[in-house]
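# Analysis of the macromolecular model
As a plain string of letters, each chain reads:
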Amino acid sequence: MRYTRPAVTAAAKSSNGGSKSPRVVVSLATYNEAENLRPLVDTIREFAPTAHILVIDDNSPDGTGKIADELSGSLRDVYVIHRPGKLGLGTATVAAMRFAVDGGYDYYINLDADFSHPPRFIPDLLAGMARVDVMIGSRYVAGGGVEGGFDFRRKFMSTGINMYARLLLGLRTRDNSGSFRCYRVAKLAKIDFDWVRSRGYSFQEEILFWCKRVGATFGETPILFENRRGGASKLNRNEAIKALQVMLTLGVDRALGRLPDAGAR
């Protein structure tokens, strides 16, 4: 993996008495998202004009990584991590979180690279950070939803995974499987990412669990989950089964007191 570490510059200062405005980085984990990446970056900039953007590309065969490099070369504060192959959504998000910690950011936002998480909701996520450490863009609170509704298979998978997350991991939030979130980086810095077991989609539930273990507080703001604009979905039944398995073993270890001491860092 390679990237250029961002620096804190004078642009990070606001005009209000020279006080530092929150530094925000938005990450996009990509694999074959050539159709979506450029317009998505433009839209993110529309709703979060001062945010830095990080693309983590897993050597996409469709040339997504090349487009990311072009964007980084032509736009300010766009960074790219190139990885040698498809290593999993969870490991990509961990790489982005490490980037946020190393770069001294205040907030880290993650969203899918297929427009299913509309950037117009980013201001709502950021507004919620005044009162919590993790703000979740939620489909399952009042005002949230799914464009056109879930089909039976996806609704069954999503409902089952969220039920398991609340039961096994002790989470109280309603949308634990969605990845459209804003995190306080100071809380992420308390997590030893070596604790994380997930490589794929179960990461979304697991990272909330570890955030809770280090004392993070949570909130949810409604979003509309939209159908992807291009490319193909990577979620399948095997990923859902793996997510349930990871949560089961994590829940058993939690019940038996076999988890690492979250206060040791």
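Residues numbered from 1 in each chain as written. Predicted model: local features only at pLDDT ≥ 70, side-chain atom pairs only at ≥ 80, totals over all residues. Heavy atoms only, no water.

## Quick notes on the confidence of the model for the chain
Note the cut-off: For every residue, the predictor assigns a confidence score, pLDDT, that lies between 0 and 100. Any two residues having at least one pair of non-hydrogen atoms within 4.5 Å are treated as being in contact.
Summarising the model, the chain shows a mean pLDDT of 87, and 84% of its residues fall at 70 or more. Every residue in residues 7–18 scores below 50 in pLDDT, and together they form 12 contacts with partners more than four places removed in sequence or on other chains.

## Examining helix H7 (residues 203–213)
We apply this condition: The classification of residues rests on relative accessible area computed with a 1.4 Å probe and restricted to protein chains. Under 20% of the type maximum is buried, over 50% is exposed, and intermediate values are partly exposed. Helix and strand assignments come from DSSP, with helices taken as H or I runs of at least 4 residues and strands as E runs of at least 2, each series counted from the N terminus.
Where burial is concerned, most of H7 is hidden: 9 out of the 11 residues are buried. Just downstream of H7 lies Gly215, where phi reads positive at about 90°.

## A closer look at the pattern of salt bridges
Where charged atoms from two side chains of opposite charge approach closely, those side chains can pair. Using the following cut-off: When a carboxyl oxygen of Asp or Glu lies within 4 Å of a side-chain nitrogen of Lys or Arg, that pair is called a salt bridge.
In this structure the tally under the stated criterion is 10 salt bridges. One salt bridge connects Glu70 with Lys66, and the closest N-O pair in it is separated by 2.8 Å. Residue Glu70 and its partner Lys66 are both found in helix H2 (residues 64–74); the two are separated by 4 residues, about one turn of the helix. One salt bridge in this structure joins Asp194 and Arg98, with 3.9 Å as the shortest N-O distance. Of the two residues, Asp194 sits in the loop between helix H6 (185–188) and H7 while Arg98 sits in helix H3 (residues 89–102), which places them 96 residues apart along the sequence.

## Digging into the sheet that holds strand S7 (residues 181–184)
Two strands in a sheet stick together by hydrogen bonds in their backbones, pointing the same way (parallel) or opposite ways (antiparallel). The line we're drawing: Paired strands are those between which DSSP finds at least two bridges. To get an axis, a line is fitted to the C-alpha atoms, and for a helix only the part in contact is used. The angle between two axes follows their N-to-C directions and goes from 0 to 180 degrees.
Taking strand neighbours across the sheet as the criterion, the 7 strands line up as S3-S2-S1-S4-S7-S5-S8 in an open arrangement whose pairing is mixed. Bordering the open sheet on either side are strand S3 (78–82) and strand S8 (218–222), each of which pairs with just one other strand. Mean inter-strand twist for the sheet, computed between neighbouring axes without regard to direction, equals 20°. Looking at chain direction, strand S5 (residues 134–138) and S8 are connected through 5 bridges and run parallel. Residue pairing for S8: Ser138 is matched across the bridge by Pro222. With respect to the sheet, H2 is in contact with strand S1 (24–30), strand S2 (52–57) and S3, its orientation differing from that of S3 by roughly 150°. Relative to S7, H7 is tilted by about 30°, and along the sheet it contacts S5, S7 and S8.

## Let's talk about the packing of helix H1 (residues 37–47) against H2
Note the following rule: Note on residue classes: Ala, Val, Leu, Ile, Met, Phe, Trp, Tyr, Cys and Pro are nonpolar, Asp, Glu, Lys and Arg are charged, and everything else, Gly too, is polar.
At a closest axis distance of 10 Å, the pairing of H1 and H2 adopts a crossing angle of 35°. Here Leu37, Arg38 and Val41 of H1 lie close against H2, whose contacting residues are Thr64, Ile67, Ala68, Glu70 and Leu71. Residues belonging to the contact of H1 with H2 are distributed by class as follows: 5 nonpolar, 1 polar and 2 charged.

## Some points on the nonpolar core
This is how the line gets drawn: Throughout this description, the term nonpolar core refers to a set of buried Ala, Val, Leu, Ile, Met, Phe, Trp, Tyr and Cys residues connected via side-chain atoms within 4.5 Å.
Core analysis: the biggest nonpolar cluster contains 40 residues, and Tyr108 and Ile191 have the highest contact counts within it. When residues of this core are traced back to their parent elements, those giving at least two are S2, S3, H3, S5, helix H5 (152–169), H6, H7 and helix H8 (237–255). Discounting residues that sit within four places of it in the chain, Tyr108 has contacts with Val25, Ser27, Thr93, Ala96, Met97, Ala100, Arg181, Cys182, Tyr183, Val185 and Leu188. Among the nonpolar cores identified, the runner-up in size contains 30 residues, and Leu37, Leu71, Ala113 and Phe115 belong to it.

## Quick look at the pairing of S5
Of all 5 residues making up S5, 5 are buried, and the element is well covered by its neighbours. Residue alternation in S5 divides its side chains into two sets, Val134, Ile136 and Ser138 and Met135 and Gly137, and both sets are buried. Pairing between S5 and S7: 3 bridges, direction antiparallel. By the bridge assignment, Ile136 is partnered in S7 with Arg181.

## Topic: the side chain of Thr221
Here Thr221 shows up in strand S8. Not counting chain neighbours up to four residues away, the residues in contact with Thr221 comprise Asp124, Leu125, Met135, Ile136, Gly137, Ser138 and Val141.

## Here's the deal with the side chain of Ser179
Selection rule: N or O atoms within 3.5 Å of each other form a polar contact, as long as, within protein, one can give a hydrogen and the other can take it, and as long as residues adjacent in sequence are counted only when both atoms are side-chain atoms.
Structurally, the position occupied by Ser179 is in the loop between H5 and S7. Here Asp112 takes part through its side chain, which lies 2.8 Å from a polar atom of the side chain of Ser179. Contacts of Ser179, omitting those with residues within four sequence positions, involve Asn110, Leu111, Asp112, His117 and Gln204.

## Describing unusual backbone geometry
In the Ramachandran plot, Asn59 falls in the positive-phi region, its phi being about 55° despite a non-glycine side chain. By the secondary structure assignment, Asn59 is in the loop between S2 and H2. For Phe115, which is not a glycine, the phi torsion comes out positive at approximately 75°. Within the secondary structure, Phe115 sits in the loop between strand S4 (107–110) and helix H4 (122–128).

## Topic: the packing of aromatic side chains
Inclusion rule: A pair of Phe, Tyr and Trp rings is counted when the ring centres sit within 6.5 Å of each other, with Trp represented by its six-membered ring. The angle between the planes then sorts it: under 30 degrees is stacked, over 60 is edge-to-face, the rest tilted. For a ring to carry a charge above it, either NZ of a lysine or CZ of an arginine must fall within 6 Å of the ring centroid while also lying within 35 degrees of the normal to the ring plane.
Taken as a whole and judged by the stated rule, the model has 5 aromatic pairs. A ring pair is formed by Tyr108 and Tyr183, whose centres lie 5.8 Å apart and whose planes are at 25°; its orientation type is stacked. On the criterion of sequence distance, the pair formed by Tyr108 in strand S4 and Tyr183 in strand S7 is long-range, its members being 75 residues apart. Each member of the pair, Tyr108 together with Tyr183, is buried. An aromatic cluster is present here, built from Tyr79, Phe99 and Tyr105 joined pairwise through their rings. Taking the ring centre of Tyr105 as reference, the NZ or CZ of Arg23 above it sits at 4.4 Å.

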